[in-house]
Amino acid sequence: MKITFPHLGNACFAIKALLDGLEVDYIIPPLSNRDALEIGSLHSPEEICLPFKIMIGNYIQSIKQGADTILFVGSCGPCRFGEYCELQMNLLRKLGYNLEFIVLDAPKDIGIKELFNRIGKITTNSSKSTVEKLKILNYANSIIHLIDRIEEKARFLSGYEINKGECKNLLNQCKTEAFKCNSPEEMLVHFKKYEKKISNIHIDKRKDPIKIAIIGEIYTIIEPFSNLYIEDKLMDYGVSTKRHLSPSWWLKNLTLLPLKLNSLDIRRASREYLPLYIGGHARECIGETVLAKEKGFDGAIQIFPMGCMPEIVSKAILPSISKDKDFPILTLVVDEMTGEAGYITRIEAFLDLLERRKENVLYGN
Ligand code: SF4
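What counts and how
Residues numbered from 1 in each chain as written. Predicted model: local features only at pLDDT ≥ 70, side-chain atom pairs only at ≥ 80, totals over all residues. Heavy atoms only, no water. Phe/Tyr/Trp six-rings, centres within 6.5 Å; stacked < 30°, edge-to-face > 60°. Buried < 20%, exposed > 50% of the residue type's maximum accessible area, 1.4 Å probe, protein only. Lys NZ or Arg CZ within 6 Å of the ring centre and 35° of its normal. Near = heavy atom within 4 Å. Helix = DSSP H or I, 4+ residues; strand = E, 2+ residues; numbered from the N terminus. Nonpolar A, V, L, I, M, F, W, Y, C, P; charged D, E, K, R; others polar. Domains from an automatic or database assignment. Disulfide = S-S within 2.5 Å. Core = buried A, V, L, I, M, F, W, Y, C linked by side-chain atoms within 4.5 Å. Contact = heavy atoms within 4.5 Å.

*Asks:* Give me the lowdown on the packing of aromatic side chains, citing residues and values where you can.
*Replies:* Per the stated rule, a full pass over the model turns up eight aromatic pairs. Aromatic side chains phenylalanine 156 and tyrosine 160 sit 5.9 Å apart centroid to centroid with 35° between the ring planes, which places their arrangement in the tilted category. Residue class for tyrosine 160 comes out buried when judged on its relative accessible area of 13%. For the cation-ring pair, lysine 197 lies above tyrosine 194, with the distance from its terminal atom to the ring centre recorded as 4.6 Å. Directly above the aromatic system of tyrosine 277 lies the positively charged group of arginine 283, at a separation of 4.9 Å from the ring centroid.

Here's what the structure looks like:
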């Protein structure tokens, strides 16, 4: 059995650590790139959303390297994500690939026994004892939280850094080197080292950079290739960004969901504009926008794939929030045809607007 999985932001580090610890064979697909998108677009239904296409590309790139089992998370949610697994299995079968799919669904949908049964499939070839497996799982959990924390700090501090590019370089170095770690323990030490390094970079606290919240559909905001590396670009412009959604947020949210203690802040903040969960992360998008304004951010950028149903609803609500709270919001829709030049022009125009607003406040205009 050779496991592979689609790229979902920093999740690859935790999965790598987990499979390294269990001593289970795996293949990490190349970081999502144009080839993956082209392969995925070639085989996927034209109207399906962008994440589906890139994931198909990830799978096929791994299958070509010998992967025979796909690990994925499922959902019975009301948007297309609920159909992803079934569609992907059928599509790959039709392409002639004989694969096993291990789909990790929420216990409320498949039952706790079935969930353990599926987890058991991942660990069948592992010689580790139950205690060791639990320890490895705990490491993987710490790793996903650590790398998301490092990324969050680096992205925010880049607006305050004294040596231009330091945060971005450290973050890239941290991620590149993490792929060379051979055990969960080694990766944990590695990330702890980088967390210290990021916390110790030289910053100028007197700076008042533009602060932007990155909101929208979870895949397109956590997978850098799918949003044309927007967070990196904003770092280059000296902008501080904050993104609430991340793999560690998703995990925490899922754990607290049965107790109804998940995302209390987002639920409170979204109540006025979208009091219901309508699928995807539309409610989170609305709540995060309100929270960003409350926390003194200068604006928000919403990103979602063409045709994403939940985010189209959010997009329709965001102008009301923007008007009520005097809070600028830019929406970027991405698909396989998105051209970089037009995309950058829109971001730059938005940054100009935010800068002008800041100056007006400063000089009392
Ligand atoms: S949230 Fe949007 S992009 Fe993601 S699967 Fe659902 S419809 Fe597609």
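*Asks:* Account for the site of the ligand, naming residues and giving values.
*Replies:* Around the ligand, a shell composed of Cys49, Cys79, Arg80, Phe81, Tyr84, Glu217, Pro305, Cys308, Met309 and Pro310 is seen. At the level of elements, helix H4 (81-94) and helix H15 (309-325) are the ones that each hand at least two residues to the shell around the ligand. Here the residues of the shell around the ligand are counted per class, giving eight nonpolar, no polar and two charged. Viewed by domain, the shell around the ligand spans two of them, domain 1 (3-126) and domain 3 (209-365), each represented by three or more residues.

*Asks:* Could you give an account of unusual backbone geometry, with specific residues and numbers?
*Replies:* Phi is mostly negative for residues that are not glycine, and the peptide bonds are mostly trans. Here the phi dihedral of tyrosine 229 falls at roughly 55°; this positive angle occurs in a residue that is not glycine. Take tyrosine 229: it is sitting in the loop between helix H10 (218-222) and helix H11 (230-236). Positioned with a positive phi, serine 263 is a non-glycine residue whose angle comes to about 40°. Its place among the elements puts serine 263 in the loop between helix H12 (247-256) and helix H13 (264-270). Owing to a relative accessible area of 10%, serine 263 belongs among the buried residues under this scheme.

*Asks:* Would you mind going over the state of the cysteines in detail, with residue names and values included?
*Replies:* Summed over all chains, the structure comprises zero disulfides. Cysteine 174 provides the cysteine sulfur closest to cysteine 167, a residue in no disulfide bond, and the two sulfurs are 12 Å apart. Since its relative accessible area comes to 0%, cysteine 167 is described here as buried.

*Asks:* Please set out the nonpolar core residue by residue, giving values where relevant.
*Replies:* Core analysis: the largest hydrophobic core is formed by 45 residues, its most contacted members being Ile212, Leu234 and Ile301. When residues are assigned to domains, this core turns out to be shared by domain 1 (3-126) and domain 3 (209-365), each giving three or more. The contacts of isoleucine 301, once residues within four sequence positions are left out, are Ile212, Ala213, Ile214, Ile215, Ile230, Leu234, Leu330, Leu332 and Phe350.

It is worth stressing that arrangement in space is one thing and function is another; only the former is reported here.
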